[in-house]
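# Summary of the model geometry
Each chain, letter by letter, is given below.
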Amino acid sequence: MYKVAVLGDRDSIYGFAALGLDVFYADNQQKGREIFKQLTSGDTYTIVYITEQLAADLTEEIEKFSFKPTPAIILIPGVKGNTGQGMAYVKKSVEKAVGSDIL
Amino acid sequence: MASTQINPTRMELTRLKKKLATATRGHKLLKDKRDELMRSFLDMARLNRELRAKVEKAISEANKNFVLASASMNPQTLSASMLAPKQEVYLDVSYTNVMSVDIPVYNINTRTSDKNDIYCYGLAFTSADLDDAVSSLADVLPDMLRLAEIEKSCQLMSAEIEKTRRRVNALEHVMIPETKEKIRYITMKLDENERSTQTRLMKVKDMVLKNAHGY
């Protein structure tokens, strides 16, 4: 039995608590990095949703997990709007596989 | 290709011929694997793109609702309302094998089966906007989990495709031509040896005949 974690600033993610996902509030990058490490080191969580704002500073860490079967790190837009970072990752994986973005 | 020293012997020749056969077979198999992986990857990547666009749009909508809700309530009540969630989401993870890539399949379980358990707060002190916001977020959740599944699969598959492509290229452009070249070198060397033996024998025969009969 795995659980699902959501990491981000309070305003963006507090609603996910009601749905039954585990929310972790991180208001600055420093704290986000610490919590991200905790979440990904154990095997309690198999999906970690992270807001694009926080993920912007954690690209290296996130890319490390893209080849491992667990956990899945998925970017979601925060309350401050969509930065397009999540879509950029999709493009990147297509580019990696095909050689250029053909979709 | 004289980059490495090769022994021009029959044993080496048989060994290299076997190696070439294995490499050619491996190359064909890996090429098939790459093609099939690519086909399923492209399907999945298209789905990933659509799903992500959909989820991002829906989450942005939900976020708007949450902003509305927080505007009409005081922050203390708002944070207190989310303190004790009734519902919990668990996932069972199983893996399916697509061309030797284990892609995850998430099976979603919730602690209670009641859909209304997502409203984990007293209705008296919270605004109706909050209910709307939570319900709009609950609508996205299945798509979000599906997105996680698809996106992870895409990442794993793209890594595998890259690896397979490198292997195919290494076999096609390095291993196979090099082995062929070595085989050619040994065959030529052996033929040359044979010819030189032949001429030597002929010469010796001439000399022997000359000595014996004086031809």
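If you're wondering where the values come from, they're calculated on a predicted model, not measured in any experiment.

## Points about unusual backbone geometry
- Cis geometry is adopted by the peptide bond preceding P71 of chain A, which originates at T70 of chain A and carries an omega value of -10 degrees.
- Relative to the assigned elements, P71 of chain A resides in the loop between α5 (59–64) and β4 (72–76).
- Even without a glycine there, the phi angle at M99 of chain B is positive, about 50 degrees.
- Here M99 of chain B lies in the loop between β1 (89–98) and β2 (101–110).
- Here M99 of chain B falls in the partly exposed class, since 19 other C-beta atoms lie within 10 Å of it.
- Phi at S100 of chain B takes a positive value of approximately 70 degrees, unusual for a residue other than glycine.
- You can see S100 of chain B is positioned in the loop between β1 and β2.

## Description of the interface of chain A and chain B
- The interface of chain A with chain B comprises 32 residues on the first partner and 45 residues on the second.
- Here the element with the most residues in the side of chain A that touches chain B is helix α6 (residues 85–98) of chain A; it accounts for seven residues.
- Looking at side-chain class alone, the side of chain A that touches chain B contains 22 nonpolar, eight polar and two charged residues.
- Note that strand β1 (residues 2–8) of chain A and β1 of chain B share two bridges and pair antiparallel.

## What to know about the pairing of β4 of chain A
Residue and element names in this part refer to chain A.
- The element β4 is largely enclosed, with a buried count of five among its five residues.
- Burial along β4 is two-sided: A72, I74 and I76 and I73 and L75, pointing in opposite directions, are all buried.
- Examined bridge by bridge, strand β3 (residues 45–51) and β4 share five bridges and lie parallel to one another. Counted as the bridge partner of Y49 is I74 from β4.

## Section: the confidence of the model for chain B
- Considering every residue of chain B, the mean pLDDT works out to 89; 98% of them sit at 70 or more.
- For this predicted complex, the interface confidence score (ipTM) comes to 0.90, while the overall pTM stands at 0.84.

## Observations concerning the nonpolar core
- Membership of the largest hydrophobic core comes to 59 residues, with the highest contact counts inside it found for I74 of chain A together with M157 of chain B.
- Considering every element that reaches this core, the biggest residue donor is helix α3 (residues 128–213) of chain B, with 15 residues.
- Discounting residues that sit within four places of it in the chain, M157 of chain B has contacts with A97 of chain A together with L37, F41, M44 and V101 of chain B.

## So, the environment of E151 of chain B
- Looking at the secondary structure, you find E151 of chain B in helix α3.
- Spatially, the C-alpha atom of E151 of chain B lies 6.0 Å from that of N48 of chain B, the residues being 103 residues apart in sequence.
- The residues contacting E151 of chain B, other than those within four sequence positions of it, are A72, I74 and V90 of chain A together with N48 of chain B.

## Side note on the packing of α6 of chain A against α3 of chain B
- For the pair α6 of chain A and α3 of chain B, interaxial distance at closest approach is 8 Å and the crossing angle is 25 degrees. The pairing of α6 of chain A with α3 of chain B is recorded here as roughly parallel in orientation. Between α6 of chain A and α3 of chain B the crossing geometry is left-handed. Counted together, V90, S93, K96 and A97 of chain A of α6 of chain A and E151, C154, Q155, M157, S158, I161 and E162 of chain B of α3 of chain B form the full contact between these two elements.
- The residue makeup of the contact of α6 of chain A with α3 of chain B, split by class, is five nonpolar, three polar and three charged.

## Some thoughts on the packing of α6 of chain A against helix α1 (residues 10–71) of chain B
- Two elements in contact, α6 of chain A and α1 of chain B, have axes separated by 10 Å at closest approach and are oriented at 175 degrees. Considering the angle they form, α6 of chain A stands roughly antiparallel to α1 of chain B. Between α6 of chain A, through G86, M87, V90, V94 and A97 of chain A, and α1 of chain B, the contact on the second element is made entirely by F41, A45, N48, R49, R52 and E56 of chain B.

## Concerning the environment of T46 of chain A
- Its location among the elements puts T46 of chain A in strand β3.
- In this structure T46 of chain A comes out as buried when scored by C-beta crowding, with 22 C-beta atoms within 10 Å.
- Placed 27 residues apart in sequence, T46 of chain A and I73 of chain A show a C-alpha to C-alpha distance of 8.6 Å.
- Those residues within four positions of T46 of chain A in sequence are excluded, and the remaining contacts are Y2, T70, P71 and A72 of chain A together with L91 and V93 of chain B.

What counts as what
Residues numbered from 1 in each chain as written. Chains lettered and ligands numbered in written order. Predicted model: local features only at pLDDT ≥ 70, side-chain atom pairs only at ≥ 80, totals over all residues. Helix = DSSP H or I, 4+ residues; strand = E, 2+ residues; numbered from the N terminus. Buried ≥ 20, exposed ≤ 12 C-beta atoms within 10 Å, placed from the backbone. Contact = placed C-beta atoms within 7 Å. Nonpolar A, V, L, I, M, F, W, Y, C, P; charged D, E, K, R; others polar. Pairing = 2+ DSSP bridges. pLDDT = per-residue confidence, 0-100. Core = buried A, V, L, I, M, F, W, Y, C linked by C-beta atoms within 7 Å. Axes fitted to C-alpha atoms, helices over the stretch in contact; angles between N-to-C directions. Parallel < 35°, antiparallel > 145°, perpendicular 65-115°, else oblique. Left-handed = near helix turned anticlockwise from the far one by under 90°.

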